[in-house]
Amino acid sequence: MPEGKLCNRQPVTTLEQLQALLADKGGKQYYEEMNRLEVDAKALWDTIQRTCKSRIRTWLEICTHCGLCAESCFYYLANHKDPSQVPAYKIQSTLGEIIRRKGRVDNAFLQYTMDTVFAKCTCCNRCAIYCPLGIDTGVMASYTRGLLFSQGFTPWEMKIGSGMHRIFRAQMDVTTEDWVETCQWMAEETSEDWPGLEIPIDKEGADILYTVNAREPKHYPEDIAQAAILFHVAGENWTVPSEGWEETSLAMFAGDWEGCRQQVQSVYDAMARLRPKRMVVTECGHAYRATVIEGPYWAGLPTGKTPVETLHYVEWVAEALRTGKLKIDPRKKIKEPVTYQDSCNYIRNGGLADAARYIMSRIAEDFREMGPSREHNFCCGGGGGLNGIGRYREQRNIGLKVKRDQILATGAKLVVAPCHNCWDAIRDLEEIYRIGIRWTFLKPLLINMIEVPEHLRPREE
Amino acid sequence: MFKKLLFATTASPVCDNAAKVAFDLEMKWEAKLILLHVLGIPSRGFGLQVVDVRTGEKEQPSPDYLEWVTEELKTTYAAFLEESNARIVTAIGEPYREILRLARKEDVDMILMGAHSRDEEVGAARHRQVAGSTLRRVAKAARCPVVIVNRPCTTCWKLFSNIVVGTDFSKASESALLWGYKLAREVGANLHVFHAVDITAGGLTRPAGQTDLEQRIQEARRRIEHHLLPKIKGYEKTTVEVWEGIPYVEILKFARARQADLIVMAHHTREVDPEEAEMGSTVEEVVLRSSCPVASVNHPDKVADLL
């Protein structure tokens, strides 16, 4: 059988395909089909020749196998320094080998490659800052995921995720109507306690275009309500787009580059349509990386930048605190020891460590850095899509140990984690290892701490 | 008065008493009943699995699984469903959010829920947490009354003879009063308007003097008579009572004394994070201890015709 019904080289583009995949519980049939999926070696080699350019070829070539990347990798540390977890080995034995063999690899090899670049690498890019030659294994693992995707070797959840983006322009089945309706609902619900609060939809020329993670409208709409409260109190002139509101990209985790392009293009189209001064993205790490850092390249923007200036949520909060748009009631600052989870995607890869520190300096009395922290902090363990891939659950859970030990060493019982996937990984970490911690996004913390100007307070009856 | 009802159930024995009331109301009022079971809580980050609210296990809500849960629900409520046209709906999400979502979408006239949980239940701790915060959050945001049935309610609602409305003079409690009146008028019940002067207000360390208390009782009575009674247009079966004490204790005592079939109150709280709010707002204390159902009414939407 060259290709399976569910597991094949075609991306998911119709609702029927998506439903068929979802009905295959845990991807049982999908992975069975994968065992018989034929490798199209010619297409693979063609793709490599077309897309594997000098940067990656140079990296693969100049790696001296010095092993300095080993201890930079949390998987290596969490797995008792298993040599097969050394980043250089992981990429040389997969992508390096595929190229050396000019794409002539078999099914078992591509499955080994898939298991390596998904379950042994979250594309956190930490190893790149420890390599004396600047080799970024995370980037190469991500590139390899793309090659695998083109051959149909991608985890079942990733196939579904990228299909969601292609069909709904969102990682979940949230339609434009659902989204708009949810914003209206939240405005209705929230304006009771916050008179005058609105969630303006498609307002042209606003100062801020706010975009989110689809899990917010789908399951956690109060996140949108909380964002609205903070914009309201800060007096921002803001809006959400009716289309192009989704920042995340499971297509990026999957390596579905066309899906990635379609997704970010929808956001850039919203910018063109509504002409906001700036965009702010919600508390999500990979969403920022996808839409702000990588997106412009997927969309072929020559500047390498988003069409309008874009801020991660922590940048907006830091700015609002700095300019006094949001004021913290000093009595309500966090008294207990508290630590901060640096999301790889907007801290290491986005350079926003200072913004996060500034926020913590304003809201916490006893802020404790993890060791290492900032750009050098470890991945939570849930990056790169790992939180959601059943096939690699066990490996993910082992990986969480590094974050567990980092948190324990701070002595803090509260972890501020302004990233959906970090939040989830830390929640899972607590569920598995029971270390007695709590974790939170910034928005609910801030709402309980800000000084509300007299005219915005609810009127007492 | 009840054209469409939403019965939100955990499908465990904690909701049995609420189920009886829900199916009975469907029949007596010829209402449309929607039975909602929120079966799993999804993750914040990416993932297809949800935490099953009953077992605490991770499950993937495939179509098969949803069908299986629906079948389970049909079995659980088989006896009721024989004479019912209830529509069964399952949802993925946080229970309170999905209850609110469906209630809003269907514009239901009332939400019915169970309250406490039993220790012998599998995953009881999870239940209690879910049930407690669900109640609080649903009651705060629902546009319709939310009725919590904690103990067996043997009286048919059409035969209710005593409805107690607890008021704290807030805007929300006006809606509670109007709704209590609307129901009392429809079934011909007595309407007892009640207020408890809170002796703990201002702190237990400075107990109010007797003169002060009596003054406050008189003032409350005056407010009820001048501001509230006109709103219920001289309904002749109305009584007014003002006591002093700890509000939830007094309202329970009063309900017991009047053999109340239903307590109606507002459940407004301004706590932003319900998890952080102290356990023990008056309504929740009443819900946990009351022997009759408790209706929480916080919005005027379902009494707009009386305004």
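The rules behind the values
Residues numbered from 1 in each chain as written. Chains lettered and ligands numbered in written order. Predicted model: local features only at pLDDT ≥ 70, side-chain atom pairs only at ≥ 80, totals over all residues. Heavy atoms only, no water. Domains from an automatic or database assignment. Contact = heavy atoms within 4.5 Å. Buried area = accessible area lost by both parts, 1.4 Å probe. Salt bridge = Lys/Arg side-chain N within 4 Å of Asp/Glu carboxyl O. Polar contact = N/O pair within 3.5 Å; in protein donor to acceptor, adjacent residues only side chain to side chain. Pairing = 2+ DSSP bridges. Helix = DSSP H or I, 4+ residues; strand = E, 2+ residues; numbered from the N terminus. Axes fitted to C-alpha atoms, helices over the stretch in contact; angles between N-to-C directions. Phe/Tyr/Trp six-rings, centres within 6.5 Å; stacked < 30°, edge-to-face > 60°. Buried < 20%, exposed > 50% of the residue type's maximum accessible area, 1.4 Å probe, protein only. Lys NZ or Arg CZ within 6 Å of the ring centre and 35° of its normal. Expected span 1.5 Å × (residues − 1).

Further remarks concern the domain arrangement of chain A. All names here are of chain A. By the assigned domains, chain A splits into domain 1 (39-153), domain 2 (165-321) and domain 3 (328-447). Just the C-alpha atoms count here: the centres of domain 1 and domain 2 sit 32 Å apart. In this assembly, eight residues from domain 1 lie in contact with six residues from domain 2. When the two sides are added together, the surface that domain 1 and domain 2 hide from each other amounts to roughly 570 Å², 47% of it contributed by carbon and sulfur.

Bringing the interface of chain A and chain B into the picture now. On the chain B side, the residues contacting the 46 residues of chain A number 32 residues. Taken over both partners, the interface formed by chain A and chain B buries close to 3400 Å², and the fraction arising from carbon and sulfur atoms is 48%. Here chain A and chain B share nine salt bridges between them. The shortest N-O distance in the salt bridge between Arg104 of chain B and Glu181 of chain A comes to 2.5 Å. Connecting chain A to chain B are 23 residue pairs in polar contact (both at pLDDT 80 or more).

Further remarks concern the sheet that holds strand β7 (residues 414-416) of chain A. Residue and element names in this part refer to chain A. Taken together, the four strands give an open sheet; going across it, the order is β6-β5-β7-β8, and neighbouring strands pair in parallel fashion. One side of each edge strand has no neighbouring strand; the edge strands of this open sheet are β6 (364-367) and β8 (438-440). Each strand of the sheet is rotated relative to its neighbour by a mean of 40°, with strand direction disregarded. Packed onto the sheet, helix α20 (residues 420-433) meets β7 and β8 and runs at close to 170° relative to β8.

Looking now at the side chain of Thr70 of chain B. As for its placement among the helices and strands, Thr70 of chain B is situated in helix α2 (residues 63-76). If we ignore the near neighbours within four places in the chain, the residues touching Thr70 of chain B are Ile88 and Thr90 of chain B.

Overall, the coordinates contain 27 aromatic pairs over all chains when judged by the stated rule. Measuring from centroid to centroid gives 6.0 Å for Phe23 of chain B and Tyr77 of chain B, while their planes differ by 40°, and the two rings are tilted. Highlighted residues: Phe23 of chain B in helix α1 (residues 16-28) and Tyr77 of chain B in the loop between α2 and α3 (78-81), separated in sequence by 54 residues. Exposure remark for Phe23 of chain B: the relative accessible area of 5% places this residue in the buried category. Plain terms: the ring middles of Trp243 of chain B and Phe254 of chain B are 5.3 Å apart, the flat faces sit at 90° to each other, and that makes the pair edge-to-face. Of this pair, Trp243 of chain B sits in strand β10 (residues 238-245) while Phe254 of chain B is found in helix α8 (residues 247-257), placing the two residues eleven residues apart along the sequence. On the accessibility criterion, Phe254 of chain B (0% relative accessible area) is buried. Its end group placed over the ring of Tyr358 of chain A, Arg322 of chain A keeps NZ or CZ at 4.1 Å from the ring centre.

The next subject is the domain arrangement of chain B. Accessible area lost upon the coming together of the parts is a frequently used measure of interface size. All names here are of chain B. If you check the domain split of chain B, you get domain 1 (4-148) and domain 2 (157-306). Between domain 1 and domain 2, the contact holds 25 residues from the first and 27 residues from the second. Buried surface at the junction of domain 1 and domain 2, both sides included, amounts to about 2300 Å², of which 59% is carbon and sulfur. Per-residue buried area on domain 1 facing domain 2 is highest for Trp29, Arg136 and Arg143; these three make up 33% of the total on that side. Across the contact surface, domain 1 and domain 2 share three salt bridges. Here Asp109 ties to Lys302 by a salt bridge, and the two come within 3.5 Å at their closest N and O atoms. Linking domain 1 with domain 2 are nine residue pairs in polar contact (both at pLDDT 80 or more). Here the side of domain 1 that touches domain 2 takes seven residues from helix α5 (residues 124-141), the largest share from any one element.

Moving on to helix α12 (residues 222-234) of chain A. Residue and element names in this part refer to chain A. Under the 1.5 Å per step criterion, the end-to-end length of α12 is 18 Å for 13 residues, consistent within 8% with the ideal 18 Å. Burial analysis of α12 places 13 of its 13 residues in the buried class, which makes it a mostly covered element. Of the residues flanking the end of α12, it is Gly235, one or two places downstream, whose phi is positive at about 70°.

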